[in-house]
Structures are given as C-alpha cells and as structure tokens.
Amino acid sequence: MQRYLLFIDDLSTWVGKTFAWCIIALTLATSYDVVMRYAFSAPTGWAFDTEYILYGTLFMMAGAYTLSQDGHVRGDFISRMLSLKVRAGIELACLLLFFFPAMLALLYSGYEFFSLSWQMNEHSSSSPTGPPIYPFKAVIPLAAIFMLLQGSVETIRCVIALKTGKAPQRRRDVEGLEKLILDQAQAGKTAEQILHDVERQGDTQ
C-alpha cells in the first residue's frame, strides 16, 4: 500500500514539475509581446491566446502536485490545535463530500467540452491567428484524472491516520525552511538538533 501511495506522489510530482516549464514559456511570450507592443508599436496576434492557454494549463496540471505536497490553502492556525485523528476525519469528510464530487463533475464536463470542441474543430476567436482550442480543453479532463488519483491517495492516508493515529509517509519535495524549523520546534527538539536536521535536509534535496 505504501508503495502505491508514494508512486502516485511521484507521478503527481513529475507531472507538476513537467508542466512547470509553462512558466518559462509564459514569461518569454509575455515579455516578447510587451516589448513589441510598447517599443515597436507592433503587437503580436498570438500572444493573448498563448498566455491564457499556458497559464490555464499550468494552473490545472499543478493541482495534483500541490495536493501531494499538502500545499492547498487551509486554516493552519486552527488545524494545528487539533489532534491528528480529528484533522484526518475532517479531511476525509471534505474529500468525500466535496473533492470527489467536484473532480468527477470536472472530469465529466471537461470531457464533454473537449469532445464538442474536437468535433467542431474549434478555434479561438480572441485573436487574428485563431489557434485551435481543443488541445487546451483536453487538459481539463486530464487534470481531473490526476486529481482523482492523488485524491484517492489522500483518502487512504486519512483512513490510515484514523486507524493508527500516525501520519503515513508522504513523498516530500522541497519545503520552506521556516516550516521545517517550526515542525522541529513543536517536536521539542533543541536548537542544535534543529540546525542538524536543517543541514541534513539541505544535503538530501
């Protein structure tokens, strides 16, 4: 079971980091359009479509990675006061009541959007170049699939935490130094022990 959980974590991380390259393409496209528009009075005909397609793709495909890192927004100041089992119970309820219905609806509707766009050979009407839209709409159901996979992993982790009272292992990516220090301090470690753990964390990343 643990191998499955970590495999999905690794998959979500790989997908998120792969699509993170959209940031570079988005930055270059935006910078080029700004320079051409304001320095040469020659705005591009493709930048607008390119920018929202790249941004939307990045936003959707990074969702599973963020979920795998437990990085979505929550009331941390409240959750820190709750026990592990209580937090796991609340998260499990939210997953079952809100997350899975929303992701299944996104998968269903997203596929319908993509299918119709494909059949119509839909192109953008927002710019003169009019690039095809159906590849972008295909990202919607694809993102939903990865979110459902990672959501299943988070559900299993909640069940394990409720049964054992211990948090299952999670494949952590690079974490903020502040969070690491706070976690170590809450665990009752001394300043020297925290420094040692921070240095070891830096060596392994």
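To keep things clear, this report deals only with the structure shown in the data block. (Residues numbered from 1 in each chain as written. Predicted model: local features only at pLDDT ≥ 70, side-chain atom pairs only at ≥ 80, totals over all residues. Heavy atoms only, no water.)

## What to know about the side chain of Asp49
With respect to the helices and strands, the residue Asp49 is situated in helix H3 (residues 47-61). Look at Asp49: it is buried, it has no salt bridge, and the nearest opposite charge is Arg37 at 11 Å. A polar side-chain atom of Asp49 sits 3.1 Å from a polar atom in the side chain of Tyr52. When residues no more than four places from it in sequence are discounted, the contact partners of Asp49 are Ser124, Ser126, Ser127, Thr129 and Pro131. (Helix = DSSP H or I, 4+ residues; strand = E, 2+ residues; numbered from the N terminus. Buried < 20%, exposed > 50% of the residue type's maximum accessible area, 1.4 Å probe, protein only. Lys, Arg positive; Asp, Glu negative; His and termini not counted. Salt bridge = Lys/Arg side-chain N within 4 Å of Asp/Glu carboxyl O. Polar contact = N/O pair within 3.5 Å; in protein donor to acceptor, adjacent residues only side chain to side chain. Contact = heavy atoms within 4.5 Å.)

## Some points on helix H7 (residues 134-164)
Between its first and last C-alpha, H7 extends 46 Å over 31 residues, near the 45 Å set by a 1.5 Å rise per residue. Of the residues trailing H7, Gly165 is marked for its positive phi of about 80°. (Expected span 1.5 Å × (residues − 1).)

## Details of the side chain of Thr155
Its place among the elements puts Thr155 in helix H7. Judged by its relative accessible area of 15%, Thr155 is buried.

## Quick notes on the environment of Pro101
Mapped onto the elements of the fold, Pro101 is located in helix H6 (residues 84-120). Here Pro101 falls in the partly exposed class, since its relative accessible area comes to 41%. Every residue in contact with Pro101, bar those within four places of it in the chain, is listed here: Leu95 and Leu96.

## Considerations on the packing of helix H1 (residues 2-19) against H7
Put simply, H1 and H7 touch, their axes get as near as 10 Å, and they point 145° apart. Here H1 runs over H7; the crossing is left-handed. Only Phe146, Leu149, Gln150, Ser152, Val153, Ile156, Arg157 and Ile160 of H7 make contact with H1, whose side of the interface consists of Tyr4, Leu5, Leu6, Ile8, Asp9, Leu11, Ser12 and Val15. Considering only residue class, the contact of H1 with H7 consists of eleven nonpolar, three polar and two charged. (Axes fitted to C-alpha atoms, helices over the stretch in contact; angles between N-to-C directions. Left-handed = near helix turned anticlockwise from the far one by under 90°. Nonpolar A, V, L, I, M, F, W, Y, C, P; charged D, E, K, R; others polar.)

## A word on unusual backbone geometry
A positive phi angle, close to 50°, is found at Ser41, a residue other than glycine. Examined against the element boundaries, Ser41 turns out to sit in the loop between helix H2 (22-39) and H3. A positive phi is found at Asn121, a non-glycine position, where the angle reads about 55°. With respect to the helices and strands, Asn121 occurs in the loop between H6 and H7. When its relative accessible area of 43% is taken as the criterion, Asn121 is described as partly exposed.

## Topic: the pattern of salt bridges
Oppositely charged side chains are able to pair whenever their charged atoms sit close together. Overall, the coordinates contain four salt bridges when judged by the stated rule. For Arg157, the salt bridge identified is with Asp9, shortest N-O distance 2.4 Å. Pair noted here: Arg157 is in helix H7 and Asp9 is in helix H1, with a separation of 148 residues, a long-range link. Given a relative accessible area of 0%, Asp9 falls into the buried group. Glu154 serves as the salt-bridge partner of Arg157, at 3.2 Å between the closest nitrogen and oxygen. Here the residue Arg157 and the residue Glu154 both occupy positions in helix H7, the gap between them amounting to three residues, near one helical turn. With respect to class, Arg157 is no different from Glu154; both count as buried. Through salt bridges with shared partners, one network takes in Asp9, Glu154 and Arg157.

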